[in-house]
Amino acid sequence: MKLESSPPLKALPAPRTRFRIRWTPVLFLLPSIIVFIVFKYYLIFSAVQISLFNYDIVNPPGRFVGLENYFVFLQTSTFWLALKNTFIIFLLSVALTFWVPIVQAIFLSEIRKANGVYRVLYQIPSILPVVAGALLWKWMYNPDSGLFNYLLGKIGLGPYGWLNDINMTKFAIVLPGFFASGGIGVLLYYAAIKSIPAELFESAKIDGCGPWRRIRSLVLPNIRFVILIQFISFMSGALLAFDNIFILTKGGPADASLVVSLLIQRSAFEQSNFGMSAALSFFMFLVIALLTVIQFKLQKEEN
Amino acid sequence: MKRYKGSTHKRAALLTMSLAFGLLTACGSGNGNDPAAESAATPAGNTPAAENTAEPSKEAAIVEITVWDKPAPDAATKAVAEELQAKFDAAYPNIKVIHEDETQTPEKFLAAVAGGEQPDVFRPSFPKMQEYVQAGIVADITDLINASPDKDRFIDGAFNMATRDGKIYGVPLSMYSTGVYYNKKLFETAGITSLPATWDEFAATAKTVQEKNPGTIGFDILGMDWGDWHFEYYVWQAGGDLTELQPDGTVKLNFTSEATVTALQYYKDLKWTHKVVQSNVLQSFEENNKDFYSGKSAMILGASDAYNTFVGQGMDPSVIGFMPYPVGPAGVGPSQVGGSFWAISPSATPEKRQAAFDYIMFMSSKEAFETRLQFNKDNGLGVNPFTVVKDVDTSNYVEGMPADFLSAIRKAAETQQLEYYLKSSLSPYVVKPIQKVLLDQNADPLTELKAAEQLAQKEVIDKYNTDILSQSGK
């Protein structure tokens, strides 16, 4: 008997989904999207545009020079010195300050009594405006009448030049971050640690893991994503640092702390070269964007 | 008019935003400020109220100008500034003046210009005036000046720093002269009876005063980021200048000239050989002043009007001494002439320019000068003995100022020199070698100056000279 093949089953049409705009989320998102476009992206595009001109602030945009501004600054040793200083200060900041809130959060997560009080205490330094903090440190660094040389003198050390010492300036700029780098970072890390299920800690303890092993194998892997996000934010903050350096040294002494952000300010407001300033700004934007992408890629591969 | 205003606000907002985000940007659209398009309009003819014939306040349109001359809330001269501003308002009812903070920095000024918010009237210093004329951000007011009956009231040469290619860009506002302030009391304690007249004597005096007055500093040197300001005096004393303006308008650097190297070597010697300067050589100008008026330092370089600051901070006028600069190897010690101008925005319409000029000339009138001087005298603020106008005699207002102080200031001003050309742009390049030799005992002045000159030539002068030559079609 010949079996007749049954006709192929007709694929059922996929349920028709009607494209619907949900207006409520759109309304909630709209303000931030507008703010981002106006205050971020438009400015970036404007910077690119300005960087292509010998910008004339009276009759903008001035003469079109193409990529000349980029070629010019890339050929100046002041720029390379500023870039080198920027990265040295960034690396010093990583070494001296980036890990501090992580350690604070780990300690905080172990504290049972008056935990809230400690969390508030960690937040207080972040309330102090950067300018006020920098002025305070500048006073403490004064080689003649500053607090540090006075205290160190009591134990027979110093006097040190601090910000007056070409070899010590960068360290002196970064040092305040070591003491006041808590702030919101501590809370983010703390929240991430607290979100790790308590059972994991208990089983780790039963398995005989000591505190260091628990931190290395349990805490740090589980808060890795927060560390990554914080590092990206930290990196852009350190590479674009301006206000504290401007107040403490203005790039001195002898350009020992001249960073790219100060060079941007100097080009625009001391040399009236807004085109060059915009070119430097966009260059730094590209550097930070590139480093961020690399960071994400590495993280992805690791995962 | 609407288009102009909208564009202005747009650019202002953008600049503010871009600064806030660290990416220096501004709107690339046209500025909409087209003086040519508006030049057809006739000036409003802002005659003073007393001279108007028929109800000017009702018939003439109100012209609004913005002036950056609002005194700080704690300024000692706030009352007299406001009194004069009120008098102007009464005399010129059809000019509305919006006064904005006078203490805004040059950086803020450039941000305002880039954002299309340049004030109609502002007051740049001598070096800034040169820079702004070059950048095209000050109006050519030659016609207004030449038509003014007040032109000849100003002292000879007063317009020089605001004149380029025969065009006048500013009205002189103030002038000062510089020299060395010393603390008579500290000198007396040290047994010093004659003032130093040469570099060697200056160093020896500083050393003696410092030794005989424990805890004091012989001489507060200026090594911060304005360090080139005082350093240039030493270059002059050694017979040179940091830059040289060429006949074709281009600029030549003299950082490695013998005079500059000698001057820097002297700075190095003051710090490391004679050891007569403060440890914190980078401290601010204000901190240097504080050292002097608090009796911590024996000598400091300063302008003739710094007397007001010292007395205002409680220093006893009888201990304030002033002397001309000790001469250097070239046998000269010229005093620096500094000061400021009134300037008008090139974007201002003809009506606004006229109104701005009327305001400036009102504030430059004999009466306005004398009102300010009288106020200073009455309030013990001290008087700058220099004035930019011929018809005001400051000697009538200097009662209470030590006579020897006044004669010393006048003597110091007998030989004068203007600051080095392109100072605003070159300052960071000059400061670097100064700081190097003040902080590093092993730094060689010539090596440091060579490096600075090469850098400044490549990063500033080459471009400047190219622009100058292309503008003049050479």
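Scroll up for the structure.
Predicted model only: the values in this text are computed from it and were never measured.

1. Some points on the pairing of strand β2 (residues 95-101) of chain B
Residues and elements named next belong to chain B.
- Sheet topology places strand β1 (residues 63-70) next to β2; 6 bridges connect them, and they run parallel. Opposite lysine 70, over in β2, you have aspartate 101 as the bridge partner.
- As for the winding sense of the linkage, the β-α-β connection from β1 through helix α4 (residues 78-91) to β2 is right-handed.

2. Section: the nonpolar core
- Membership of the largest hydrophobic core comes to 84 residues, with the highest contact counts inside it found for A:Ile57, B:Val171, B:Tyr181 and B:Trp342.
- Listed in part, the 64 residues of the second largest apolar core include B:Val180, B:Ile192, B:Phe219 and B:Leu426.

3. Here we look at helix α14 (residues 260-269) of chain A
- Most of α14(A) sits inside the fold, with 10 of its 10 residues counted as buried.
- Among all positions in α14(A), only A:Val260, A:Ser261, A:Leu262, A:Leu263, A:Ile264, A:Gln265, A:Arg266, A:Ser267, A:Ala268 and A:Phe269 are buried.

4. Overview of the pattern of salt bridges
- This model, assessed by the stated rule, comprises 15 salt bridges over all chains.
- As a salt-bridge pair, B:Lys96 and B:Glu64 come within 3.9 Å of each other at their nearest N and O atoms. Taken together, the positions of B:Lys96 in strand β2 and B:Glu64 in strand β1 put the pair 32 residues apart, joining distant regions of the chain.
- Ionic pairing is found between B:Lys463 and B:Asp467, a salt bridge with its closest N-O pair at 3.3 Å. Of the two residues, B:Lys463 and B:Asp467 both sit in helix α18 (residues 445-471), 4 residues apart, roughly one turn of that helix.
- For B:Lys463, a relative accessible area of 36% puts it in the partly exposed group.
- Among the charged side chains, a salt-bridge network with shared partners connects A:Asp255, A:Arg266 and B:Lys432.

5. Concerning the interface of chain A and chain B
- With 48 residues of chain A in contact, the opposing surface of chain B contributes 45 residues.
- The junction of chain A with chain B conceals about 4000 Å² of combined surface from both sides, 59% of it contributed by carbon and sulfur atoms.
- Inspection of the chain A/chain B interface yields 2 salt bridges.
- Ionic pairing is found between B:Asp225 and A:Lys250, a salt bridge with its closest N-O pair at 3.6 Å.
- Here chain A is connected to chain B by 8 residue pairs in polar contact (both at pLDDT 80 or more).
- With 10 residues, the top contributor of residues to the side of chain A that touches chain B is helix α1 (residues 23-51) of chain A.

6. A look at the packing of aromatic side chains
Residues and elements named next belong to chain A.
- As enumerated under the stated definition, the model contains 52 aromatic pairs over all chains in all.
- With centroids separated by 5.5 Å and ring planes inclined at 45 degrees, the aromatic side chains of phenylalanine 148 and tryptophan 162 adopt a geometry described as tilted. Here phenylalanine 148 is found in helix α7 (residues 147-154), whereas its partner tryptophan 162 is found in the loop between α7 and α8 (169-179), with 14 residues between them in sequence.
- The buried category is assigned to tryptophan 162, whose relative accessible area is 8%.

How each quantity is defined
Residues numbered from 1 in each chain as written. Chains lettered and ligands numbered in written order. Predicted model: local features only at pLDDT ≥ 70, side-chain atom pairs only at ≥ 80, totals over all residues. Heavy atoms only, no water. Pairing = 2+ DSSP bridges. Helix = DSSP H or I, 4+ residues; strand = E, 2+ residues; numbered from the N terminus. Right-handed = clockwise from strand over helix to strand, strands pointing away. Core = buried A, V, L, I, M, F, W, Y, C linked by side-chain atoms within 4.5 Å. Buried < 20%, exposed > 50% of the residue type's maximum accessible area, 1.4 Å probe, protein only. Salt bridge = Lys/Arg side-chain N within 4 Å of Asp/Glu carboxyl O. Contact = heavy atoms within 4.5 Å. Buried area = accessible area lost by both parts, 1.4 Å probe. Polar contact = N/O pair within 3.5 Å; in protein donor to acceptor, adjacent residues only side chain to side chain. Phe/Tyr/Trp six-rings, centres within 6.5 Å; stacked < 30°, edge-to-face > 60°.

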